[in-house]
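Architecture at a glance
This is what each chain is made of:
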Amino acid sequence: MKRPVALLGAVVAVATLAACGSDSGGSVPAGPPRPGGTLRYGLSLAPTCSDPAQAGTNQTLYVTRQIVDSLTDQNPETGAITPWLAQSWEVSPDARAFTFHLRPGVTFSDGTPLTATSVQKNFDAIVHTLTGVKAPLAASYLAGYTGTTVVDPLTARVEFDRPNAQFLQASSTPQLGILAEGTTSGSADERCLGTDIGTGPFTYAEYKQGASATLVKRVGYAWGSPVFAHQGEAYLDRIEFTVVPESGVRAGSVSSNQLDAVSDALPQDAPQIEAAGGKVQVTPNPGLPFGIQPNVTRGPLRDAAVRAALESAIDRQELVDTVLGPQFRPASSSLGSKTPAYVDLSERIRYDPETARRHLEQAGWAPGGDGIRAKDGVRLSFGILFSRAFAGNQAILELIQQQLRKVGVEVQLQVASDAEYTARQNAKDFDSVYYNITRADGDILRTTFGLADRNLNARGPIPPLDRALYDQLQAADPAVRTQLIGQAQRLVLDNGLWIPTIELSQAIGVSDTVQDLKFEASGRLQFHDTWLRE
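Below, the structure is looked at part by part.

Criteria and thresholds
Residues numbered from 1 in each chain as written. Predicted model: local features only at pLDDT ≥ 70, side-chain atom pairs only at ≥ 80, totals over all residues. Heavy atoms only, no water. Phe/Tyr/Trp six-rings, centres within 6.5 Å; stacked < 30°, edge-to-face > 60°. Helix = DSSP H or I, 4+ residues; strand = E, 2+ residues; numbered from the N terminus. Buried < 20%, exposed > 50% of the residue type's maximum accessible area, 1.4 Å probe, protein only. Axes fitted to C-alpha atoms, helices over the stretch in contact; angles between N-to-C directions. Left-handed = near helix turned anticlockwise from the far one by under 90°. Contact = heavy atoms within 4.5 Å. Nonpolar A, V, L, I, M, F, W, Y, C, P; charged D, E, K, R; others polar. Expected span 1.5 Å × (residues − 1). Polar contact = N/O pair within 3.5 Å; in protein donor to acceptor, adjacent residues only side chain to side chain. Salt bridge = Lys/Arg side-chain N within 4 Å of Asp/Glu carboxyl O.

**Some remarks on the packing of aromatic side chains**
- Under the defined criterion, the tally for this structure stands at 17 aromatic pairs.
- The interplanar angle of 85° and the centroid separation of 5.9 Å between the aromatic rings of F241 and F527 together place this pair among those described as edge-to-face. Note that F241 is positioned in strand β11 (residues 238-243) and F527 in the loop between β25 (525-526) and β26 (531-532), a separation of 286 residues in sequence.
- Of the residues examined, F241 reaches a relative accessible area of 1% and is grouped as buried.
- Taken together, the aromatic side chains of F98, F100, F123, Y145, F160 and F167 make up a single cluster linked through ring pairs.

Structure follows, in structure tokens:
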């Protein structure tokens, strides 16, 4: 196996350093949890909006998740939905109405009580104030929302104009976490200033968008999820998040005791962290793996044969071996392997450059003098729009660029700022776009590829795929829904709507003082159980 290296000077990506959900490095029994102390955390990217509903990057969600609780939680080991702010619920037979019975005695950090009206105002604000422009994931979870009925002070009935079987899982996400009226009554921009009021185990002490954040323990917190290892207040008194872009500096800060934990620990960082007694904790992300999404209305990517060739022309294992590290996973489907209802389709996208060449030749794409194919005077060339939200994007895409050239395909890499990237996505102003989305539910396929949803492919109707994507919303039987999500995974690949590359993993470097830093079901961090030993 090749040693992971950076390609063409690009920054190497986050790499897993141990098996799924495990850590590298030794550990010594730490004794019972000890309350108190300040955890110093180094983010690899600056936090953006402080509103959990609008937060889009993992680094921001590591912060925002701590101030907000959700109606339900999801067990990271089993995928089961469990109570949280709602102590029980009922789902109508047609999956159009969800009735939540709220836990009594819960309060927001401004002292106001959690009521059914709180749920109503949260979801109304996402749909009517934030909208899909500011809160695309949250809004997609509420597609078809008609309103929330306050049945009584502690009972809220959330209703949709169509079946929405995915909504119960969506109610466990931070994007649909419940905030106080003092927050939901504000504008989208006002909700990004660090004044957000939740029921979570921590509150904002300071939030500098694009720079840093400080959280303090919520005194009196007594309504934690049963997924948590303990009930009651968080152990930590305070969490200080700072931004340290350079991976080597982050690792050095852990080993020199300047930071207690850091994001995006790289393979070369592990020995330094472990030598100081620390470790690297790892988990793969569920949801949509990293991949290339073609705009099927532009240039050569209109040709289904070109899209099929791309699936066979990419050597995903080489991406892992050369860029990432031995425990990073090649993508093997249009869903990540940790996602409920995942189907292993690795044989369908197996690296086979001869098959890729055959697809292109049969479709009339002939090699030119420089090796790049052309058809009817059109060069087989397209752009890939991407951002640096994930440190390894450029290195991965540069290697893909080399791999595709071997079969006669030319790629132009188009890196964009976050603002430009978002604007061009929304306008569908790209030949293809590269990204991933984290969610522990197969409905991420609908929100990504659905004809009436985001549809960055700009595709027209594909009846079998459309039926699978939308019928799974109506499936009250989990087995039927799993089968439909499996069909959708296959049809996304069969139609060349997603060219999977690698699965994203979270790799967190921690010092020997940090205990019980945990991942929640969607791969984000949960600090409620975390404590510091002396």
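**With respect to the packing of helix α14 (residues 463-474) against helix α15 (residues 478-494)**
- Two numbers describe how α14 lies on α15: the axes approach to 8 Å, and their chain directions differ by 145°. The handedness of the crossing between α14 and α15 is left-handed. Residues P464, L465, A468, L469, D471 and Q472 of α14 pack against R481, L484, I485, Q487, A488, L491 and V492 of α15.
- Looking at side-chain class alone, the contact of α14 with α15 contains nine nonpolar, two polar and two charged residues.

**Remarks on α15**
- The terminal C-alpha atoms of α15, which comprises 17 residues, lie 24 Å apart, in line with the 24 Å expected from a rise of 1.5 Å per residue.
- Among the residues making up α15, those that are buried are R481, L484, I485, G486, A488, Q489, L491, V492 and L493.
- The inward-facing, buried residues of α15 contact α8 (304-313), α13 (444-449), α14 and β21 (499-500).
- The residue sitting at the N-terminus of α15 and contributing the capping side-chain oxygen is D477; that oxygen lies 2.9 Å from the backbone nitrogen of A479.

**Some remarks on the pattern of salt bridges**
- Taken as a whole, this structure holds 30 salt bridges when the rule is applied.
- Sharing partners across several salt bridges, the network here consists of R298, E420, R424, D429 and D431.

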